[in-house]
Amino acid sequence: MKKIELEIVALSHSITQTHSYAVVLGEVNGLRRLPIVIGGFEAQAIAVALERMQPSRPLTHDLMKNFMNAFNVDLMEIVINDLQEGIFYSKLVCINEHDTVEIDSRTSDALALAVRFGCPIYTYDHILESAGILMEDTGKKKKSEVPVNDPSTSVGREDLSKLSLEELNTLLVEVLDQEDYIRAIAIRDEINKRK
């Protein structure tokens, strides 16, 4: 089967499930999108890596990357290889100087690692056919698709535009202390807009 390369194009609140998010993968050089529902912690892990934030202590996926690097294991690619009863299955394709090994993984964890390693994300056509969405080529985003760094991806979002710069900086410190990096991204973007 031919692999189709995907890229992360959006991270948004899930329309179908409360307290969940959807990571939207887009077909590279194509119009199909593959939305995958993930939990809040997984969304945060992906957002932290996408925004190149440096938490004070390594998150679990950072620890995994450090562990793999320490033992000379490289993540070559991830493959979303199956879909059963609405659940996506993925594998990590890892190499060292002797072997190539495929490791079963939750798709959200695989995506969080892919962002950290900068490796490609793949799936197969039958998965895109059964769970993908075909976007119209109008040059406009669909309403349900939110860019990764959009403030509306934050949990418990305040109307940040109504807060003063001092209040934003105070709130940023608070959410970073709580390790709520998704909200921190939105606050940081609002602060940067004002500079």
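Residues numbered from 1 in each chain as written. Predicted model: local features only at pLDDT ≥ 70, side-chain atom pairs only at ≥ 80, totals over all residues. Heavy atoms only, no water.

Caption draft 1: How the structure looks around the overall build of the protein. Tallying secondary structure elements over the protein gives 6 helices and 8 strands in all. Mapped in sequence order, the helices and strands of the protein form the string β-β-β-α-α-β-β-β-α-β-α-β-α-α. Here the protein holds 195 residues, and 44% of them are scored as buried. In the protein, once contacts between residues fewer than 6 apart in sequence are set aside, the share between residues at least 24 apart is 58%. On the protein, roughly 11300 Å² of surface is accessible, and the fraction owed to carbon and sulfur atoms is 50%. (Helix = DSSP H or I, 4+ residues; strand = E, 2+ residues; numbered from the N terminus. Buried < 20%, exposed > 50% of the residue type's maximum accessible area, 1.4 Å probe, protein only. Contact = heavy atoms within 4.5 Å. Areas by Shrake-Rupley, 256 points an atom, 1.4 Å probe, with all protein chains shown as cover.)

Caption draft 2: A look at the nonpolar core. Formed by 31 residues in total, the largest nonpolar core has its most connected members in L25, L34, L75, I78 and I121. Residue assignment for this core shows that the elements contributing at least two residues are strand 1 (3–13), strand 2 (20–27), strand 3 (32–39), helix 1 (40–50), strand 4 (74–84), strand 5 (87–95), helix 3 (107–117) and helix 4 (125–131). Among the elements that make up this core, the one with the highest residue count is helix 3 (6 residues). Those residues in contact with L25, other than ones at most four positions away along the chain, are L6, E7, I8, V9, R32, R33, L34, I36, I80, L111 and I121. Counting residues in each nonpolar core, the second largest holds 8 residues, with L171, V175, A186 and I187 among its members. (Core = buried A, V, L, I, M, F, W, Y, C linked by side-chain atoms within 4.5 Å.)

Caption draft 3: View of the packing of helix 1 against helix 3. It is at 9 Å that the axes of helix 1 and helix 3 come closest, and there the two elements cross at 10°. One finds that helix 1 runs roughly parallel with respect to helix 3. Judged by residue contacts, E42, A45, I46, V48, A49 and L50 of helix 1 engage S108, L111, A112, V115 and R116 from helix 3. By residue class, the composition of the contact of helix 1 with helix 3 is 8 nonpolar, 1 polar and 2 charged. (Axes fitted to C-alpha atoms, helices over the stretch in contact; angles between N-to-C directions. Parallel < 35°, antiparallel > 145°, perpendicular 65-115°, else oblique. Nonpolar A, V, L, I, M, F, W, Y, C, P; charged D, E, K, R; others polar.)

Caption draft 4: Structural context of the sheet that holds strand 7 (residues 121–124). One open sheet holds the 8 strands; their spatial order is 6-5-4-7-1-2-3-8, and the pairing between them is mixed. The two strands at the open ends of the sheet, each matched to only one other strand, are strand 6 (100–106) and strand 8 (133–134). Here 9 bridges tie strand 4 to strand 5, and the two strands are oriented antiparallel to one another. Looking across to strand 5, one finds that Q84 is bridged to I87. (Pairing = 2+ DSSP bridges.)

Caption draft 5: Geometry of the pairing of strand 1. One ladder, built from 4 bridges, connects strand 1 with strand 7; its direction is antiparallel. Looking across to strand 7, one finds that I4 is bridged to T123. Relative to strand 2, strand 1 runs antiparallel, the two sharing 7 bridges. Pairing of H13 across the sheet is with Y21, part of strand 2.

Caption draft 6: Structural view of the state of the cysteines. Scanning the entire structure with this criterion turns up 0 disulfides. Considering cysteine sulfurs only, C119 is the nearest to C94, which forms no disulfide, with 8.7 Å between them. Since its relative accessible area comes to 11%, C119 is described here as buried. (Disulfide = S-S within 2.5 Å.)

Caption draft 7: Structural context of the environment of I187. Summarising the element assignment, I187 is placed in helix 6 (residues 181–194). Here I187 falls in the buried class, since its relative accessible area comes to 1%. On a C-alpha basis, the gap between I187 and L168 in space is 6.5 Å, while along the polypeptide they are 19 residues apart. Discounting chain neighbours no more than four positions away, the residues touching I187 are L160, L168, L171, L172 and V175.

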